[in-house]
Every structure is written in C-alpha cells, then in structure tokens.
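So the chains spell out like this:
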2 protein chains.
Amino acid sequence: MTLVKVYVTYKKSILDPQGEAVKKAVHGMGFSDVHEIRMGKYFEITVDENSPKVKDDIEKICDGLLANPNMETYRYEFVESEAI
Amino acid sequence: MTLVKVYVTYKKSILDPQGEAVKKAVHGMGFSDVHEIRMGKYFEITVDENSPKVKDDIEKICDGLLANPNMETYRYEFVESEAI
C-alpha cells in the first residue's frame, strides 16, 4: 500500500479568512510574535497499489474534488510504508 | 522569520466522517484503488523570531487552540526560510 499526503492551501493572492481569525485568537492568547497564519486542508490517502498510475490518479482526485483550482493550490508527497 | 507547518489529524481510534465522505466521492469518480482517506487541518504559521521559545509557543498554541486534545493529535515541523 502507498500513503499519499495531500496539502491543499489557498493561493497566496487569496485572502484566508479562517487563518486571519486564528491569528487574532493566537494574538489574544498573548503570542504577539506570530506574524501570519494560513490554514489549509490535509488529506492522508491510502492507495492499494503502487504504480505510476497512482500519481495520475492523485492529480485527478485533487483537481476534480479536493482542491478548488480557482482559489487553491495543492501539493502531495508519497510515503512508502509497509506498516499501513 | 520562521515558518512552522502544523498538521492536525483525528486520532486513529476516532472515526473521520469527512474523510469517509471524501472516500465515497472518490470511489464515485471511479478510483476504486483508494483504500482510505483521512482528513485533517493544516496550518502555516509564520513567527517573527527564531528562538527555543518558539517551539514552546507552538505547542501551547496547538494544545490551547488548534487541536482538540480529546480527539485530535498534531505534529509540526520547522521550515527555515529567508524568503518569507
């Protein structure tokens, strides 16, 4: 099995209201050193097989479902693990 | 400045309904090889200074705000970057 970690974040040019809200809360806790917080989504996808096709599939899943291509970008990394 | 990446996920023992829903949608797209999807939150935190105190601060922020310690776990990594 293959574990794929996918990170979906807003594009830099897009305002991240959730991140701004979290930053205000963090400042309210007294951590004024925190300059910026941006929030995103994180997916751990376990795929049965490990073939070159998996990379294509992951990109199709991200483009078609996980990320909004107008506002968001994504990146992914493959983690091999026999322990899954 | 220091960039800290924080990943918050449900504990393994906790059912992840969002992940289950995404998995069903992925299967509906025809990707039946996908065995499991778990969904989490991802934060990019930019901190002004870089001192040992930052690590403590990040843990306090995670424990006190970003993660629900009853249901979620978190991990974080420091990314040094002058380009931030």
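Here goes a summary of the coordinates provided. Please read these numbers as outputs of a predicted model, since none were measured by experiment. Within each chain, residue numbers correspond to sequence positions counted from 1 in written order. All chains are assigned letters beginning with A, and all ligands numbers beginning with 1, in the order in which they are written. Since the coordinates come from a predicted model, pLDDT governs what is reported: local features require at least 70, and pairs of side-chain atoms require 80 or more to be given and counted, while whole-chain, interface and lining totals use all residues. Neither water nor hydrogens contribute to the side-chain values; these are computed over all heavy atoms in the structure.

## Digging into helix α1 (residues 17-28) of chain A
Logical step 1: Given a rise of 1.5 Å per residue, twelve residues ought to cover 16 Å, and the 17 Å separating the end C-alpha atoms of α1 of chain A matches this to within 8%.
Logical step 2: Along α1 of chain A, the residues that are buried comprise G19, V22, K23 and V26 of chain A. All buried residues of α1 of chain A project into a common sector of 105° when viewed along the axis, lining one side. Among the exposed residues of α1 of chain A, those oriented more than 90 degrees off its buried face are P17, K24 and G28 of chain A.
Logical step 3: Note on contacts: a residue pair is in contact if any heavy atoms of the two residues lie within 4.5 Å. Starting at the N terminus, helices and strands are each numbered in turn, a helix being any DSSP run of H or I of at least four residues and a strand any DSSP run of E of at least two. Buried positions along α1 of chain A lie against β2 (34-47) of chain A together with β2 (34-47) and α2 (52-66) of chain B. Expected span of a helix, by definition, is 1.5 Å for each gap between consecutive residues, and there is one gap fewer than residues. For every residue, the accessible area obtained with a 1.4 Å probe (protein chains only) is divided by the maximum for its type, and the residue is called buried under 20%, exposed over 50%, and partly exposed between those limits. The arc in question is the one traced by the directions running from the helix axis out to the C-beta atoms.

## So, the relation of the copies chain A and chain B
Between the two copies of the chain lies a rotation about an axis combined with a shift along it.
Logical step 1: Between chain A and chain B, the superposition needs a rotation of 180° and an axial shift of 0.0 Å, giving an RMSD of 0.0 Å. The superposition of one copy onto the other is thereby described by a two-fold rotation axis. Residues of chain A ranked by C-alpha distance from the rotation axis are headed by K41 of chain A, positioned 2.5 Å from it.
Logical step 2: By residue overlap, the copies meet face to face through one surface: 100% of the interface positions of chain A are interface positions in chain B. Overlaid copies result from least-squares superposition on C-alpha atoms, with residues included only where pLDDT is at least 70 in both.

## Some thoughts on the pairing of strand β1 (residues 2-10) of chain B
Residues and elements named next belong to chain B.
Logical step 1: Counting buried positions over the nine residues of β1 gives eight, a clear majority of the element.
Logical step 2: Where β1 and β2 come together, eight bridges link them in antiparallel fashion. Looking at the pairing, T9 lines up with G40 of β2.
Logical step 3: One bridge is not enough; two strands pair if DSSP finds at least two bridges between them. Bridge analysis of β1 against strand β3 (residues 72-80) gives nine bridges, and the strand direction is antiparallel. Within β3, the position partnered with K5 by the bridge is E77.

The values reported here are purely geometric and, on their own, carry no functional implication.
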